[in-house]
Amino acid sequence: MVQGKRILLGVTGGIAAYKSAELVRRLRERGADVQVVMTAAAREFVSALVFQALSGRTVRTDLWDSAAEGAMGHIELARWAELVLVAPATADFLARLAGGRADDLLATLCLATTAPIAVAPAMNRHMWANPATVANVERLRQRDVHILGPGEGEQACGEVGEGRMLEPDELADRLLDLLPGSGPLRGRQVLITAGPTRERIDPVRFISNRSSGKMGFAVAQAAREAGADVVLVSGPVALATPPGVRRVDVESAEAMLAEVQREVEQADIFISTAAVADYRPARPAEQKIKKHSERLQLDMERTVDVLASVAARSHRPFVVGFAAETESVEQNARAKLLKKNLDMIAANEVGHTKGFDCEDNHLIVLWRAARRDLGSGPKLQLARELVRLIAESYEASAGANARGKAQA
Ligand code: CTP
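A. Looking closely at the packing of helix 6 (residues 91-98) against helix 9 (residues 131-142). As a packed pair, helix 6 and helix 9 sit with axes 9 Å apart at the nearest point and diverge in direction by 50°. It follows from the interaxial angle that helix 6 and helix 9 lie oblique. Seen from above, helix 6 lies across helix 9 with left-handed handedness. In contact with Ala91, Leu94, Ala95, Leu97 and Ala98 of helix 6, helix 9 contributes Thr133, Asn136, Val137, Arg139 and Leu140.

What follows is the structure, given as structure tokens:
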């Protein structure tokens, strides 16, 4: 979780410096406090005013600026940082860092800080592949500097290859792994199901639903951001695994149940976002079904309710369900909360243009006598709020359980 974390962002002189403005926004959105330090070369590419406006802090550029040093000296600045990220990091900066130089403010800060240092290299692919750079990067790695990227693709110089700075979103996500030991779910194991399931009709056909998995993946990312160890059991989706999350892919409801049963023993919290099929063909055909007749009837049987089976365990985690409803959203969701014996349920309206397979959602969270309308918004934003509520409620219930045991 980067929320409340003090991040010192060093910007060096590469064309990717413009992307770092976006990076400041991404970090601020996640609640981080960002102090930007620019090298002289960086200011040739982007004005310090841009970073000042986005970070809300005066940008530091010069080791010899007596006014700025008077406010917070470079050693204080080095102490202030909980993490130093240099993005973009040019070949020249990597060489200076590897050489232990202190010839400008940023290099001096990197020498003086005890915080973890990460660099996001960005340069022409030949410069990146040059043995001098390779050796510098190796020296930095040996000194536990985190090397984030670079990525591959089209470069500003017109060439294609390895050397692009990672995208701001990915960089912001990757920082989470470098800031261990924080977040309300630190040390907790969270098991999440996501996506649709596919139920086999014959070797080439299946029954499924419109779930994209986006909500579940957003919840997995948010739980990881909150410091949890996350296992994500996912049906077939076209989504990248959030950084730091362990993902297990399954197809059918039966396979999802088997994986959940394997993982649930270790889980402190179970969050069931998957749109699990309620019915499956009772006898899937061994061979492709031929169109011999005018009508075809499928005999369907019920699948096991994964969520209810977890909630029914004697030794159970804190259990959170989702309710996908097309009408009487809250009423139906509360009925599911009680019927499935859940600790919490997040209700959303689906169908037509809502909920399924789209970017935004609207969630109402219900638990015992309480209710919280999280409103509408991007799924990741809602997921972060939901995870905050889950963490609070989990802590309260863990506390209550401990008190119960002590009294018994
Ligand atoms: N769920 C599950 N296994 C199933 C069916 C549902 O784990 N076989 C979980 C979902 O992940 C969700 C919750 O149960 O967290 C509610 O799912 P939903 O589809 O809204 O309701 P159902 O229980 O399937 O009931 P109905 O279809 O009658 O609304």
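B. Expanded view of the packing of helix 6 against helix 7 (residues 105-112). Two numbers describe how helix 6 lies on helix 7: the axes approach to 10 Å, and their chain directions differ by 40°. With respect to helix 7, the axis of helix 6 lies oblique. Handedness of the crossing formed by helix 6 with helix 7: right-handed. On helix 7, the residues that touch Phe93, Arg96 and Leu97 of helix 6 are Leu106, Ala107 and Cys110. Classifying every residue of the contact of helix 6 with helix 7 by side-chain character gives five nonpolar, no polar and one charged.

C. Expanded view of the pairing of strand 1 (residues 6-11). Buried residues dominate strand 1, accounting for five of its six residues. As for the winding sense of the linkage, the β-α-β connection from strand 1 through helix 1 (residues 17-29) to strand 2 (residues 33-38) is right-handed. Across four bridges, the pairing between strand 1 and strand 3 (residues 83-89) is parallel. If you follow leucine 8 over to strand 3, its bridge partner there is valine 84.

D. Looking closely at the site of the ligand. Near the ligand lie 16 residues; those nearest to it are Ser272, Ala274, Phe322, Lys336 and Lys340. With respect to the ligand, the backbone of alanine 324 contributes an N or O atom lying 3.0 Å from an oxygen atom. Summarising the interface, the protein chains cover 77% of the accessible area of the ligand, which totals 570 Å² for the free molecule. When contributions to the shell around the ligand are tallied by element, the ones reaching two or more residues are helix 13 (306-311) and strand 16 (318-325). Among the elements that line the shell around the ligand, the one with the most residues is strand 16, at four residues. Partitioned by chemical class, the residues of the shell around the ligand number nine nonpolar, three polar and four charged.

E. The arrangement of the pairing of strand 11 (residues 229-234) in detail. For strand 11, the tally of buried residues reaches five of six residues, placing the bulk of the element in the interior. Where strand 8 (residues 189-194) lies against strand 11, six bridges are found, and the strand directions are parallel. When the sheet's bridge partners are listed, valine 190 is paired in strand 11 with valine 230. Across four bridges, the pairing between strand 11 and strand 12 (residues 246-249) is parallel. In the strand pairing of strand 12, valine 231 is matched with arginine 246.

F. The arrangement of the pattern of salt bridges in detail. Scanning the model with the defined rule gives 31 salt bridges in all. Between arginine 6 and glutamate 82 there is a salt bridge whose closest N-O contact spans 3.7 Å. Linking arginine 6 in strand 1 with glutamate 82 in the loop between helix 5 (74-80) and strand 3, this pair joins segments that are 76 residues apart in sequence. A salt bridge links aspartate 104 to arginine 96; the nearest nitrogen and oxygen atoms lie 3.1 Å apart. Neither aspartate 104 nor arginine 96 differs from the other in exposure class; each is buried.

G. Geometry of the layout of surface pockets. By volume, the largest pocket amounts to about 880 Å³. In terms of lining, the largest pocket is formed by 38 residues, of which the most central are Ala274, Ala275, Val276, Asp278 and Phe322. Counting only elements with at least two residues in the lining of the largest pocket, the list comes to helix 11 (214-225), helix 13, strand 16 and helix 14 (329-339). Per-class residue counts for the lining of the largest pocket are 16 nonpolar, 13 polar and nine charged. Asp169, Asp173, Ala218, Gln221 and Leu380 are the residues nearest the centre of the second largest pocket, which is lined by 21 residues in total. Of all the elements in the fold, those that place two or more residues in the lining of the second largest pocket are helix 1, helix 10 (168-178), helix 11 and helix 15 (379-407). Each of domain 1 (6-176) and domain 2 (189-285 + 296-407) contributes no fewer than three residues to the lining of the second largest pocket.

H. Looking closely at the sheet that holds strand 17 (residues 344-349). Taken in spatial order, the eight strands of this open sheet run 12-11-8-13-16-17-18-19, and their pairing is mixed. The open sheet has two free edges, formed respectively by strand 12 and strand 19 (370-378), since each of these has just one partner strand. Across the sheet, the mean angle separating the axes of adjacent strands is 15° when strand polarity is ignored. Along the sheet, helix 11 makes contact with strand 8, strand 11, strand 12, strand 13 (269-272), strand 16 and strand 18 (360-367), crossing strand 11 at roughly 170°. Contacts from helix 14 reach strand 16, strand 17, strand 18 and strand 19 within the one sheet, and its direction differs from that of strand 17 by about 150°.

I. Summary view of the domain arrangement of the protein. Splitting the protein by domain gives domain 1 (6-176) and domain 2 (189-285 + 296-407). Centre-to-centre, using C-alpha coordinates, domain 1 lies 39 Å away from domain 2.

J. Structural context of the side chain of arginine 30. Note on placement: arginine 30 falls in the loop between helix 1 and strand 2. A relative accessible area of 9% places arginine 30 in the buried class. The residues contacting arginine 30, other than those within four sequence positions of it, are Val2, Gln3, Asp169, Ala172, Asp173, Gln221, Glu225 and Arg384.

Criteria and cut-off values
Residues numbered from 1 in each chain as written. Predicted model: local features only at pLDDT ≥ 70, side-chain atom pairs only at ≥ 80, totals over all residues. Heavy atoms only, no water. Axes fitted to C-alpha atoms, helices over the stretch in contact; angles between N-to-C directions. Helix = DSSP H or I, 4+ residues; strand = E, 2+ residues; numbered from the N terminus. Parallel < 35°, antiparallel > 145°, perpendicular 65-115°, else oblique. Left-handed = near helix turned anticlockwise from the far one by under 90°. Contact = heavy atoms within 4.5 Å. Nonpolar A, V, L, I, M, F, W, Y, C, P; charged D, E, K, R; others polar. Buried < 20%, exposed > 50% of the residue type's maximum accessible area, 1.4 Å probe, protein only. Right-handed = clockwise from strand over helix to strand, strands pointing away. Pairing = 2+ DSSP bridges. Near = heavy atom within 4 Å. Polar contact = N/O pair within 3.5 Å; in protein donor to acceptor, adjacent residues only side chain to side chain. Areas by Shrake-Rupley, 256 points an atom, 1.4 Å probe, with all protein chains shown as cover. Salt bridge = Lys/Arg side-chain N within 4 Å of Asp/Glu carboxyl O. 1 Å grid on protein atoms, 1.4 Å probe; cavity = no way out; pocket = protein on both sides within 12 Å on 5 of 7 lines; lining within 4 Å. Points joined across faces, edges and corners; volume = space filled by probe spheres on them. Domains from an automatic or database assignment.

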